[in-house]
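Close look at the chain arrangement
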Amino acid sequence: MEIQNKKTDILDFLFKNSFNTLTYEEKCQLKSNRSTPNIALEYKEEWTVDGISSIKNFIRKSEKHSISKKHLINQEKFHLLGKVRIEHAILEGRRLAATKHNEQVSINRRLIARNYLELLDLLAQEEHLLKDHFLSSSIFKGTSKIIQNDLIDRVTTILNSNIFKEIQTANYISIQADETTDVSCRSQMSIIFRYVIEEEIVERFIGFFDVSSDKTGSGLADVILSVIKKWDLGNKIIAQTYDGASVMSGTKNGVQSLIKNIYPNVLFIHCYAHQLNLVLLYGAKTIKPVKLFICNLTMFHTFFSRSSKRSELLRQQGFKLPNHSDTRWNYHSRAASTIKTHFIELKMLLHM
């Protein structure tokens, strides 16, 4: 049997050949020609600097070293050599996503400001006083963002005042509410009043209300009750309309039940738009190709939402798949649109 020379790793030789099968001369030659193990690990200096002076109980020593903390850490570093660690990739992805978001926010702000200025220019073409003001004023033109916000607040105040006057003349009022998640992942509930003025049915949008902190039935009901109290609807409210989600339509702890406990005469009506959506949805599911298509839409969200790493990869690409819900009438169209728009990115992520 050929004995390894000094340039050969002693570990490779001993792991391939049983030490007990060597003759005495071969053992002596192996000991005299022993080379320092070529292992970049830190356990004891005998493994990295001095070398092993005695091969007695070598197998036991090597096994003990193989499960040492230093050995395992260095093994991990060796396997990751030249590769990007997942936490580093996630941090970089977050940075890129934040940069992309900030750029989009800046673009949106410029668009809003430009729309406002263009609207003022349009009004100035017909309103001579406004035109003269822009031409003559060098300090206070009213085009700053502070003035924009003040104007929005004033318009809101005037509209709310007119709605309040209409409510005072209306005999009966129904309230409509729906909760959804916006692009910033905040849950907002929109509220609409519906009543009759001069034999004409009118709908008035009241506003969006942030419900991210509490999306339970009691939390949503508290928001609606606060709106009813603020607008002094009193006993005029006779109906409430929501979607078919259990948190809204539940008979025990749903929003409609909690509202009805305080206003017993308020009827609950399942939103007809949502009902129509459910009819079309379940009707379409009887067609096998359509059913498979809808299932695939749902599985996209399920696949990515079940893993925090996959969800993070989606966020790195700058988009999010809509949350699955059969009661949200526009879920399937939004999901199909998102998948179509980001088809290349999704295909790349699925092959990773």
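Position numbers for residues start from 1 in each chain and track the written sequence from start to end. Totals for whole chains, interfaces and linings use every residue, but because this is a predicted model, local features are given only for residues with pLDDT of at least 70 and side-chain atom pairs only at 80 or more, for both listing and counting. Calculated side-chain values reflect all of the structure's heavy atoms, with hydrogen atoms and water omitted.

By the naming in an unreviewed UniProt entry, the protein chain goes by DUF4371 domain-containing protein and is assigned to Acyrthosiphon pisum.

Elements are defined by DSSP. Helices are runs of H or I of four residues or more, strands are runs of E of two residues or more, and each kind is numbered from the N terminus. When helices and strands are tallied, the protein chain shows 16 helices and 5 strands. Of all 352 residues assigned to the protein chain, the portion counted as buried reaches 31%. Note on contacts: a residue pair is in contact if any heavy atoms of the two residues lie within 4.5 Å. Relative to all contacts within the protein chain whose residues are 6 or more apart in sequence, the contacts with residues 24 or more apart total 52%. A 1.4 Å probe rolled over the protein chains alone gives each residue an accessible area, and that area as a share of the maximum for its type sets the label: buried under 20%, exposed over 50%, partly exposed in between.

Located in the positive-phi region is E198, a residue other than glycine, with phi close to 50°. The residue E199 is not glycine, and still its phi comes out positive at about 60°. On the secondary structure map, E199 appears in the loop between β2 (187-197) and β3 (200-210).

Salt bridge criterion: a side-chain nitrogen from Lys or Arg within 4 Å of a carboxyl oxygen from Asp or Glu. Evaluation of the coordinates by the stated rule reveals 5 salt bridges. A salt bridge links E166 to R204, with the nearest nitrogen and oxygen atoms 3.0 Å apart. Of this pair, E166 sits in helix α8 (residues 145-169) while R204 sits in strand β3, placing them 38 residues apart in sequence. Of the charged contacts in the structure, one is a salt bridge between D210 and R186, with a shortest N-O distance of 3.7 Å. Placement of D210 in strand β3 and of R186 in the loop between β1 (173-181) and β2 is noted, with a sequence separation of 24 residues between them. With a relative accessible area of 44%, D210 lands in the partly exposed category.

What follows covers helix α11 (residues 255-262). Those residues of α11 that fall on the buried side of the exposure criterion are V255, Q256, S257 and I259. Buried residues along α11 sit in contact with α9 (217-230), β4 (237-242), α10 (246-249) and β5 (267-270).

Within this analysis, patches are made of residues with over 30% relative accessible area and no salt bridge. Like charges are joined at 9 Å or less; nonpolar side chains (Val, Leu, Ile, Met, Phe, Trp, Tyr) at 5 Å or less. Each accessible area is a Shrake-Rupley result for a 1.4 Å probe, and residues are judged covered by the shown protein chains and nothing else. Together, L119, L122 and L123 line one region of the surface with nonpolar side chains, adding up to about 280 Å² of accessible area. Following the sequence through the fold, L123 ends up in helix α6 (residues 86-126). L123 sits in the partly exposed class, given a relative accessible area of 44%.

This paragraph deals with the packing of aromatic side chains. The aromatic pairing rule takes the rings of Phe, Tyr and Trp, using the six-membered ring of Trp, and pairs them if the centres are within 6.5 Å, calling planes under 30 degrees apart stacked, those over 60 edge-to-face and the rest tilted. For the coordinates displayed, the defined rule picks out 5 aromatic pairs. Between the aromatic rings of F193 and W231, the centroid separation amounts to 5.8 Å while the plane-to-plane angle is 90°, which identifies the pairing as edge-to-face. With a gap of 38 residues between them, F193 in strand β2 and W231 in the loop between α9 and β4 connect regions that are remote in the sequence. According to the relative accessible area criterion, W231 is buried, its value standing at 6%.

Turning to the packing of α9 against α11, a few remarks are in order. Every angle, taken between N-to-C directions, lies between 0 and 180 degrees, and every axis is a line fitted to C-alpha atoms, over only the stretch in contact when it is a helix. Put simply, α9 and α11 touch, their axes get as near as 8 Å, and they point 50° apart. As the angle between them shows, α9 and α11 are arranged oblique. Note on packing geometry: the crossing formed by α9 with α11 is right-handed. Where α9 approaches α11, its residues G217, S218, L220, A221, I224 and L225 are matched on the opposing element by V255, L258, I259 and I262. Of the residues that constitute the contact of α9 with α11, the class distribution is 8 nonpolar, 2 polar and no charged. An angle counts as roughly parallel when it lies under 35 degrees, as roughly antiparallel when it exceeds 145, as roughly perpendicular when it falls between 65 and 115, and as oblique in every other case. Handedness of a helix crossing follows the sense of rotation of the near helix relative to the far helix, less than a right angle counterclockwise being left-handed and clockwise being right-handed. Side-chain classes follow a simple rule in which Ala, Val, Leu, Ile, Met, Phe, Trp, Tyr, Cys and Pro form the nonpolar group, Asp, Glu, Lys and Arg form the charged group, and the remainder, Gly included, forms the polar group.

Relative to β3, β2 runs antiparallel, the two being bridged by 10 bridges. Directly across from R194, in β3, lies its bridge partner E203. Pairing between two strands is assigned when DSSP locates at least 2 bridges connecting them. Linking β2 back to β3 in an antiparallel pair, the connection comprises 2 residues, with E198 at a positive phi of about 50°.

So, about helix α14 (residues 308-316). All of the buried residues in α14 are S311, E312 and L314. Each buried residue of α14 sits inside an arc of 155° when the element is viewed along its axis, so together they form one side. Backbone nitrogen of K309 and a side-chain oxygen of the N-cap are separated by 3.3 Å at the start of α14; the cap is S307. One or two positions beyond α14, positive phi appears at G318, with a value near 85°. Think of the arc as the fan of directions from the helix axis to the C-beta atoms. Pairs of N or O atoms within 3.5 Å make up the polar contacts considered here, provided that, within protein, one atom can donate a hydrogen while the other can accept it, and that residues adjacent in sequence are counted only when both atoms are side-chain atoms.

We call a set of buried Ala, Val, Leu, Ile, Met, Phe, Trp, Tyr and Cys residues a nonpolar core when their side-chain atoms join them within 4.5 Å. In terms of nonpolar packing, the biggest core is built from 31 residues, with I191, F193, Y195 and I224 touching the most fellow members. Elements that contribute at least two residues to this core include exactly α8, β1, β2, β3, α9, β4 and α11. Residue contributions to this core peak at 7 residues, all from α9. Leave out the neighbours within four places in its chain, and I224 touches I175, A177, M189, I191, Y242, V255 and I259.

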